[in-house]
Amino acid sequence: MTTLTIPRDTTLVCSMDWGFNAPGVCLWWAAVGDGHWHIAREYKFQQTSAETVAHEWKRRNRQWGIKRVQYVAADPSMWAKTGHGKGESIAETLQRFGLPMLKGDNDRKNGWQRCHELLRDAPDGTPWLTVDASCSYGLRSLPAQVS
C-alpha cells in the first residue's frame, strides 16, 4: 500500500471489469518507470448504466486532473450486444461518450502469470506493482484473487 505523487506527464491507462449485479471496477494505472506500475485510482460501481459510468469516469478524470488516458482495456464480453439499451454494446456506449476502449482478451493462464510477475519484487527490491492507499476495494479484493 503506497501513496505516490504522479507527475502530470505520466502515461495512464485504465482497466475495466464490467459489473451490474456484481460490482464493476475501473482502475487507473500509471507507468512509473522501468517496467513498474502504480494503481493510482479506482472507481467501483454497481447497478449503474454504461452512460452513467462514462459520465462518472470523465468527472473523476477532471477531478483528479487527469488530462489523457491512453486506453481503457476491458473485458471482451463488454462488446456483446446484450440488449441493455440503444442497440449498442456496453463498450460501444462507453466509446460514444469518449472513452478510448480497447478489447482485452480472456487468456487467463497468461493473465495470471503476468499478475504473479507484477506482484514480485523487481531486481532493485521494489515491487513491480504498487497500489495507492486510496484504492480500498482493490486492496481488499486483490488477496482474494490469488489462485
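Undergrad: Is there a simple way to explain the sheet that holds strand β5 (residues 101-103) in this structure?
TA: Pairing between sheet strands relies on hydrogen bonds along the backbone, with the strands arranged either parallel or antiparallel. Across the sheet, 6 strands lie side by side as β5-β4-β1-β2-β3-β6; this open sheet has mixed pairing. Two strands close off the open sheet at either side, each with one partner strand: β5 and β6 (129-131). On average, adjacent strands in this sheet sit at an angle of 30° to one another, irrespective of strand direction. Two strands pair when backbone bridges link them, and strand β1 (residues 12-17) and strand β4 (residues 72-74) are joined in this way by 3 bridges, in the parallel orientation. Among the inter-strand pairings, C14 is bridged to a residue of β4, identified as V72. Across the face of the sheet, helix α1 (residues 50-63) comes into contact with β1, β2 (24-33), β3 (36-45) and β4 while running at roughly 135° to β3.

Undergrad: Explanation requested: the environment of V32 in the structure shown.
TA: Counting through the fold element by element, V32 comes out in strand β2. Taking the relative accessible area as the measure of exposure, V32 reaches 39% and is therefore partly exposed. As a C-alpha pair, V32 and T130 span 98 residues in sequence and 9.9 Å in three-dimensional space.

Undergrad: Hey, could you run me through the pattern of salt bridges in this one?
TA: If charged atoms from side chains of opposite charge come close, those side chains can pair. Under the counting rule described, the total for this entry stands at 6 salt bridges. Measuring nitrogen to oxygen at the nearest pair gives 3.7 Å for the salt bridge that ties E51 to R96. One end of the pair, E51, is in helix α1; the other, R96, is in helix α2 (residues 90-96), and 45 residues separate them in sequence. Judged by its relative accessible area of 26%, E51 falls in the partly exposed class. Where salt bridges share partners, they join E51, E88 and R96 into one cluster.

Criteria and thresholds
Residues numbered from 1 in each chain as written. Predicted model: local features only at pLDDT ≥ 70, side-chain atom pairs only at ≥ 80, totals over all residues. Heavy atoms only, no water. Pairing = 2+ DSSP bridges. Helix = DSSP H or I, 4+ residues; strand = E, 2+ residues; numbered from the N terminus. Axes fitted to C-alpha atoms, helices over the stretch in contact; angles between N-to-C directions. Contact = heavy atoms within 4.5 Å. Buried < 20%, exposed > 50% of the residue type's maximum accessible area, 1.4 Å probe, protein only. Salt bridge = Lys/Arg side-chain N within 4 Å of Asp/Glu carboxyl O.

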